[in-house]
Amino acid sequence: MITGGARGQGRAHALALAAEGADIVAADAPGPMAGLTYPLGTEDDLHETAKLVEELGRRCLPISVDVRDPGQVDAAVQQTVTDLGSLDIVVANAGIVSTGPLHEVSDEMWRQLVDTNLTGVFHTLRAAIPVMRRQQFGRVVVTSSMGGRMGIPDLAAYNATKWGIIGLAKSVALEVAKEGITVNVVCPTTTQTPMVQPTGGEDVPDDLVRRMMKANPIPRPWLQPEDVSRGVVYLVSDPGVITGSVLEIGLGGSARIH
Ligand SMILES: NC(=O)c1ccc[n+]([C@@H]2O[C@H](COP(=O)([O-])OP(=O)(O)OC[C@H]3O[C@@H](n4cnc5c(N)ncnc54)[C@H](O)[C@@H]3O)[C@@H](O)[C@H]2O)c1
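In this numbering scheme, every chain counts its residues from 1 along its sequence in written order. The predicted nature of this model means local features are confined to residues of pLDDT at least 70 and side-chain atom pairs, given and counted, to a pLDDT of 80 or more, with totals for whole chains, interfaces and linings taken over all residues. Heavy atoms from the whole structure form the basis of all side-chain values; hydrogens and water molecules are not counted.

Overview of helix α2 (residues 43-55)
Logical step 1: Helix and strand assignments follow DSSP, with helices taken as H or I runs no shorter than four residues and strands as E runs no shorter than two, numbered in order from the N terminus. One less than the residue count of a helix, multiplied by 1.5 Å, gives the span that helix is expected to have. With 13 residues, α2 extends 18 Å between its outermost C-alpha atoms, agreeing within 8% with the 18 Å of an ideal straight helix rising 1.5 Å per residue.
Logical step 2: Contact criterion: two residues are considered in contact whenever any of their non-hydrogen atoms come within 4.5 Å of each other. On its buried face, α2 is in contact with α1 (8-19), β2 (24-28) and β3 (60-64).
Logical step 3: Trailing α2 by a residue or two, G57 shows a phi angle of about 90°, which is positive.

Some thoughts on the environment of G21
Logical step 1: Looking at the element boundaries, G21 is found in the loop between α1 and β2.
Logical step 2: The spacing of G21 and R58 is 37 residues in sequence and 7.0 Å in space, taken between C-alpha atoms.

What to know about the layout of surface pockets
Logical step 1: Reported here for the largest pocket is a volume of approximately 870 Å³.
Logical step 2: Cavities and pockets were defined on a 1 Å grid built from protein atoms only: a cavity is a group of points that admits a 1.4 Å probe but offers it no way out, a pocket is an open group of points flanked by protein on both sides within 12 Å along at least five of seven lines, and a lining residue is one with an atom within 4 Å of any such point. Lining of the largest pocket is provided by 47 residues; of these, Y38, V97, T193, M195 and V196 occupy positions nearest its centre.
Logical step 3: Sorting the residues of the lining of the largest pocket by element identifies α1, β2, α5 (156-175) and α6 (207-215) as the ones contributing at least two each.
Logical step 4: When its volume is computed, the second largest pocket comes out at roughly 300 Å³.
Logical step 5: In terms of lining residues, the second largest pocket is bounded by 17 residues, among which M1, A22, D23, D88 and I89 are the most central.
Logical step 6: Residue composition of the lining of the second largest pocket, by class: 11 nonpolar, three polar and three charged. Grid points are joined across faces, edges and corners, and a volume is the space filled by probe spheres set on the points. Classification used: nonpolar for Ala, Val, Leu, Ile, Met, Phe, Trp, Tyr, Cys and Pro, charged for Asp, Glu, Lys and Arg, polar for all others including Gly.

Some thoughts on the site of the ligand
Logical step 1: In the region of the ligand, 32 residues are neighbours, and R7, D28, G41, Y158 and T193 sit closest.
Logical step 2: Take R7: an N or O atom from its side chain is 2.7 Å from an oxygen atom of the ligand.
Logical step 3: Take K162: an N or O atom from its side chain is 2.9 Å from an oxygen atom of the ligand.
Logical step 4: Note on areas: Shrake-Rupley, 1.4 Å probe, and residue coverage restricted to the protein chains presented here. For the ligand, the accessible surface in isolation is 810 Å², of which the surrounding protein chains cover 98%.
Logical step 5: What decides whether a molecule sits in a cavity or pocket is whether more than half of its atoms lie within 2 Å of the grid points. More than half of the atoms of the ligand fall within 2 Å of the grid points belonging to the largest pocket.
Logical step 6: When contributions to the shell around the ligand are tallied by element, the ones reaching two or more residues are α1 and α5.
Logical step 7: Residues belonging to the shell around the ligand are distributed by class as follows: 13 nonpolar, 14 polar and five charged. Proximity is defined per residue: any heavy atom of the residue falling within 4 Å of a molecule or strand makes that residue near it. The definition of a polar contact used here is a pair of N or O atoms within 3.5 Å, where within protein one atom must be able to donate a hydrogen and the other to accept one, and adjacent residues in sequence count solely through side-chain atom pairs.

Describing unusual backbone geometry
Logical step 1: Phi is positive for D154, close to 75°, though the residue is something other than glycine.
Logical step 2: Looking at the element boundaries, D154 is found in the loop between β5 (138-143) and α5.

Here's the deal with the pattern of salt bridges
Logical step 1: We define a salt bridge as a contact between a side-chain nitrogen of Lys or Arg and a carboxyl oxygen of Asp or Glu at a distance within 4 Å. The final tally for this structure, using the stated rule, is eight salt bridges.
Logical step 2: Where K51 meets E48, a salt bridge forms, and the shortest distance between an N and an O atom there is 3.9 Å. Pair noted here: K51 and E48 are both in helix α2, with a separation of three residues, about one helical turn.
Logical step 3: With a 1.4 Å probe rolled over the protein chains alone, any residue whose accessible area is under 20% of its type maximum counts as buried; one over 50% counts as exposed, and the rest are partly exposed. For K51, a relative accessible area of 42% gives the class partly exposed.
Logical step 4: Notably, a salt bridge pairs E248 with R149, separated by 2.6 Å at the nearest N-O pair. One end of the pair, E248, is in strand β7 (residues 246-249); the other, R149, is in the loop between β5 and α5, with 99 residues separating them in the sequence.
Logical step 5: Owing to a relative accessible area of 22%, R149 belongs among the partly exposed residues under this scheme.
Logical step 6: In the salt-bridge network here, residues are joined through shared partners; they are E48, K51 and E55.

Below you can see the structure in the form of structure tokens.
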């Protein structure tokens, strides 16, 4: 089950996991949010993910879920177990971004960021872990960001949520370590998805993104979603010896920190 599976990294993870033999639940198409500078994933995007997964010979359930709503997340987990028989892998990937100096962050935008990026991951893990406990097996990957490893001006609210889910993931990893369940984190640097490039072109859209790209030692403009998927596949195919870890997919940016 991949939240934010309609497009971008979530869709790439769906295809990479399907290619490895997984049936997929793609959860996305949230309710409206105010003040975002880019559109969110839609039902059409979800169905396109499902079509692409099915072309790889696997099943895909597209489910409309807003991770801010615990009832919708619980129902999606339930539907997964009913329709597919188990819930082996969860990628808690749904997220939004908003940029700007802290004094310009509205109460509403702060709430939307926290409700999606932090509370949404809480809802997803809280719903999935009991199922995995019953199975005595599970692989959970949480999508943070290189913004969850450092401070970045104009990303304070976003980064607060991305640091938060690392604490959540590491703590849950300890709670379930004896039960065949691993919980790990991926931290991508800037990745070419509709979140940072809504028009789908090659031009780098804003100053902040340009600044972040320049800071990366490996001289590539940005990651492709598939670069992150390789990390996700690695973590979920691990036999159960890697948990509570953070995989930085950072074009070398992590060499300068810690
Ligand atoms: N693109 C980047 O540069 C970058 C870098 C580091 C981390 N990330 C993180 O990677 C994850 C995936 O983002 P992406 O780059 O694929 O961007 P994206 O915007 O293409 O995909 C995110 C998906 O999450 C969905 N989503 C947002 N809020 C939701 C909600 N409340 N309920 C359900 N679904 C919701 C969106 O509809 C969208 O389809 C996010 O958590 C993001 O913060 C992105």
